[in-house]
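# Structural overview for review
Here's the letter readout for the chains.
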Amino acid sequence: MAPRKEQKRNRSHFKAKVAAVVLLTPLLAGTLVFLHYYHKYDRLIERRLRDTSWKRSTVIYAAPWVLQAGQQVLPSELENRLRLIGYSKGIRTGKLEFEWKSPTLIDIANADPGLNRGITRVRVEIQEGRIRRLMEARGKAWVSSFALEAEPISNLFDETREKRRYTRFQDFSPHLVNAVIAGEDKRFYTHSGLDPFRILKAAFVDVRQQELAQGGSTITQQLVKNFFLTRERTLKRKLQDSFMAVILERKLSKEEIFELYANEVYMGQRGSFSIVGFSEAAEAYFHKNVKDLQTHEAALLTAIIPAPNRFSPYKQPRVALARRDRVLDVMEELGLITARQKVDAKKQPLGVQPLNIVNVSDAPYFVDHIRDQLTQKYSEEELMQPQRIYGTLNLALQRAAFDAINEGLIELDQVLAKRKRDPVPRGTVQAVLIAMDQGTGEVLALVGGRNYGLSQYNRAVEARRQPGSIFKPFVYAAALEMAFDNPYEAITSTTTVVDEPTTFYYEDKLYEPKNYGEKYLGPVNLRQALKHSLNVATLKFAERTGYEKIVQLVQAAGLGKEIKPYPSVALGSFEVTPLDMTAAFTSFANGGIAVAPITVRKIVDSTGRVLEQSKVQHRQVIHPETAYLMTNLMESVIESGTGAGVRARGFSLPAAGKTGTSHDGWFAGYTPELLCVVWVGFDDHRELGLEGARSALPIWTAFMKRAQGIVPLRGRGFEMPEGVLSLDVDTATGLLATPDCPERRNEVFIAGTEPTTLCNGPHLMTASQPN
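So, a few notes on the structure that sits alongside this text. (Residues numbered from 1 in each chain as written. Predicted model: local features only at pLDDT ≥ 70, side-chain atom pairs only at ≥ 80, totals over all residues. Heavy atoms only, no water.)

Bringing the overall build of the protein into the picture now. For the protein, the count of helices and strands is 24 helices and 29 strands. For the protein, the residues scored as buried account for 51% of the 771 residues in total. Summarising the internal contacts of the protein: among those between residues at least 6 apart in sequence, 66% fall at separations of at least 24. Taken as a whole, the protein presents about 36000 Å² of accessible surface, with 52% of it coming from carbon and sulfur. (Helix = DSSP H or I, 4+ residues; strand = E, 2+ residues; numbered from the N terminus. Buried < 20%, exposed > 50% of the residue type's maximum accessible area, 1.4 Å probe, protein only. Contact = heavy atoms within 4.5 Å. Areas by Shrake-Rupley, 256 points an atom, 1.4 Å probe, with all protein chains shown as cover.)

Now the structure itself:
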């Protein structure tokens with residue numbers, strides 16, 4: 001009996017052990033699987049969090065905005081710019097702050113004492129839309145100008161073309177934090193990564209719709225999806241982000257999780273760029289700094305998070321408004337705003353600013369050009385290191401350039417669309433505008449096409465086109481330079497040739513150029529030939545000068561070694577880029593000294609160490625006397641020649657310039673302070689069919705009219721250097737004028753080349769006559 005009981009007890013123990021093994025094996029296996037995936041995802045999270053380069057992307061800054069007396073600016077515009085740069089309202093710390101003392105008086109405090117020679121605080125008085133005066137805030141002295149801190153243009157984006165700027169939690173508007181909590185994760189501060197209530201609700205909706213349609217993700221899960229995983233909607237990815245969300249909650253505080261989320265959330269498109277993070281979204285939708293967002297604005301951004309393009313306030317304003325108001329309702333339910341605040345917020349319109357396909361402030365073609373330049377010097381890994389790139393761009397001039405091109409191309413679209421033969425579809429013609437400081441070579445504005453969102457082709461630096469007649473000033477400069485070799489054989493502005501149909505011979509080849517419209521003026525002097533852009537007369541001056549001398553001069557100006565000394569070179573038959581042509585024109589605008597274009601002033605690493613500092617690269621191309629004569633000649637182009645449209649369109653300040661017509665339209669012109677070149681044409685090299693005076697000149701003029709309230713242009717004339725004489729000459733003969741001459745005009749000469757014979761008198765000896 002006893003053995004049977006023992007056997008029965010042993011069998012019971014055995015069965016219990018087997019049952020225990022059966023029960024514990026899956027549990028043990030599950031534990032091992034859990035530990036495996038916990039370790040796997042924990043390492044993935046740690047590795048991603050340790051790599052902080054994504055936080056500190058390389059940022060490109062514009063040149064500091066310099067406030068000056070006489071500058072056009074409205075108080076509201078000034079405040080908006082200050083906020084965008086990062087200035088806070090109310091002077092407390094004395095760093096990056098501003099405070100209105102009255103509707104027309106504002107105090108501004110900088111952080112960097114080096115910007116304004118130790119002056120960090122200034123008081124600005126604005127009257128009738130202009131800065132009247134600036135005074136050191138302590139009232140000790142007037143100041144002529146005050147530079148603000150540099151404004152960020154863009155991060156140096158990679159191939160993903162994402163626009164983002166990393167922002168700390170404390171720099172987000174509290175309204176935004178509350179709105180996001182209300183709209184995306186009500187129990188954010190109480191759950192541990194997962195919200196069971198939302199999961200159950202989402203599962204119920206998914207079962208009814210038989211697809212993964214309803215989002216049950218917490219902010220932590222959304223961060224995992226955006227930052228660590230992918231955006232695919234599958235059950236596997238959902239399990240992954242749930243598991244990782246729990247791990248992440250054990251590693252980071254709620255504020256750190258929100259900060260990462262707020263910098264990674266996708267907020268829509270601006271052209272070819274993705275808007276990533278609330279800081280970029282605040283600037284894109286409201287033209288505001290993210291810390292200045294109001295309740296209704298924060299609610300709108302929250303409302304479009306699930307599908308920024310589908311719920312776009314531009315495409316679906318009613319839908320966006322309804323979703324915004326729902327977020328406001330939830331904010332009130334959670335006690336984040338009062339009933340009164342909700343009512344006031346709902347009364348506000350959407351308030352979004354015009355969303356250009358490309359934000360003008362981004363200066364995308366300029367940023368692309370900087371990136372292309374830097375990739376030639378640095379590796380991709382080096383470029384992704386946190387750096388501050390201080391560029392040369394003047395954001396106010398960049399906006400003026402963008403507006404001028406838009407205005408000009410609308411006008412051109414209308415003209416080209418009305419053609420009876422080969423009408424051009426609207427939006428086809430392209431334009432480029434480059435503005436430069438001719439003394440330093442700094443590129444102040446650069447627009448490389450009409451619509452960056454549709455075409456990233458940077459015509460300013462990549463399109464090689466024939467310059468046509470804007471090349472003619474180099475021909476005449478080479479002719480005038482002969483005075484320094486032999487004054488007795490000098491060509492001057494009064495030297496005449498016969499403008500008539502002519503055949504030119506070079507190396508046993510014939511060349512038969514024609515004037516525009518096949519109109520010929522007969523005997524003309526050099527000034528008339530340039531003023532009216534006469535092709536045949538220009539070729540005759542080129543032939544007398546020597547094609548080799550012309551080529552030597554233009555190569556010294558930086559236009560390339562491929563240019564050949566053929567007769568056609570005098571009419572600009574070779575190819576250059578608009579940026580090349582702008583740099584070459586500094587030879588005239590800068591007293592005979594050509595300067596190379598500069599787009600980057602300096603590069604600073606995260607520790608403040610200067611990695612690269614630009615230096616002005618200059619070379620003497622022509623004598624200062626020749627440069628002044630060419631400027632004087634090109635002033636007459638604007639006053640009464642092919643460029644007279646500048647005056648007709650209302651730009652009255654002293655300026656020199658030249659029109660150009662090839663397959664395309666050109667205008668190059670400058671004042672004593674600012675050089676600007678405009679190109680207009682088609683990407684497929686079609687004939688534009690409009691002279692530069694009707695295509696490029698209107699854009700140039702529109703830009704310069706805006707620029708005169710920004711730089712500001714002083715309105716003074718061009719300074720005459722030593723070695724130049726200004727004399728009255730007889731209009732008909734070019735001889736020295738006397739009171740008896742029927743017509744006279746003022747003319748300028750390089751000393752030693754001036755006429756010495758009176759128009760109706762004997763030979764006249766002067767002190768400057770060559771021996």
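The biggest cluster of nonpolar side chains holds 87 residues, and the ones touching the most others in it are F471 and F474. Apart from the residues lying within four places of it in its own chain, the contact partners of F471 are I550, V554, L559, V569, A570, G572, F574 and M581. Core analysis: the second largest hydrophobic core is formed by 51 residues, V224, L260, L293 and L328 among them. (Core = buried A, V, L, I, M, F, W, Y, C linked by side-chain atoms within 4.5 Å.)

Let us now look at helix α16 (residues 472–481). A large share of α16 lies buried, amounting to ten of its ten residues. Buried within α16 are the following residues: K472, P473, F474, V475, Y476, A477, A478, A479, L480 and E481.

As enumerated under the stated definition, the model contains one disulfide in all. Between the sulfur atoms of C741 and its disulfide mate C759 the distance is 1.9 Å. Linking C741 and C759, the disulfide has an S-S dihedral of approximately -90° and is accordingly described as left-handed. Of this pair, C741 sits in the loop between β28 (724–730) and β29 (744–750) while C759 sits in the segment after β29, placing them 18 residues apart in sequence. We classify C741 as buried; its relative accessible area is 9%. Judged by relative accessible area, C759 falls into the partly exposed class, the value being 23%. (Disulfide = S-S within 2.5 Å.)

Moving on, we come to the sheet that holds strand β23 (residues 610–613). The sheet built from five strands is open, its strands ordered β10-β1-β14-β22-β23 with mixed pairing. Among the strands making up the open sheet, the edge pair consists of β10 (152–155) and β23. When strand polarity is set aside, the average angle formed by the axes of neighbouring strands in this sheet is 20°. In this structure, strand β14 (residues 387–391) lies alongside strand β22 (residues 600–605), joined through five bridges in antiparallel fashion. Each bridged residue has a counterpart across the sheet, and for Y390 the counterpart in β22 is K602. Against the sheet, helix α12 (residues 364–375) engages β1 (59–61), β10, β14 and β22, with an angle of about 55° to β10. (Pairing = 2+ DSSP bridges. Axes fitted to C-alpha atoms, helices over the stretch in contact; angles between N-to-C directions.)

What follows covers the pattern of salt bridges. Using the criterion set out here, one finds 35 salt bridges in the structure. A salt bridge links E99 to K101, with the nearest nitrogen and oxygen atoms 3.0 Å apart. Given a relative accessible area of 26%, E99 falls into the partly exposed group. Judged by its relative accessible area of 41%, K101 is partly exposed. (Salt bridge = Lys/Arg side-chain N within 4 Å of Asp/Glu carboxyl O.)

With that out of the way, let us pick up helix α5 (residues 219–227). Counting buried positions along α5 gives eight out of nine residues, so the element sits mostly inside the fold. Residues I219, T220, Q221, Q222, L223, V224, N226 and F227 constitute the buried set of α5.

What follows concerns the sheet that holds strand β7 (residues 130–136). Ordered by their spatial adjacency, six strands build an open sheet running β3-β4-β5-β6-β7-β8, and the pairing between neighbours is mixed. Two strands lie at the open edges of the sheet, namely β3 (88–89) and β8 (142–143), each paired on one side alone. Helix α2 (residues 75–85) rests against β3, β4 (97–102), β5 (105–109) and β6 (121–127) of the sheet, and its axis sits at about 160° to β4.

Among the secondary structure elements, S173 is positioned in the loop between β11 (162–163) and α3 (174–184). Look past the residues within four positions of S173 in its chain and what remains in contact with it is V290, K291 and L293.

Quick look at unusual backbone geometry now. Here the phi dihedral of S533 falls at roughly 55°; this positive angle occurs in a residue that is not glycine. Residue placement: S533 occurs in the loop between α17 (526–531) and α18 (535–545).

This brings us to the environment of A150. Among the secondary structure elements, A150 is positioned in the loop between β9 (145–147) and β10. Through-space distance from the C-alpha of A150 to that of A62 is 5.9 Å; in sequence the pair is 88 residues apart. Those residues in contact with A150, other than ones at most four positions away along the chain, are Y61, A62, P64, I85 and Y390.

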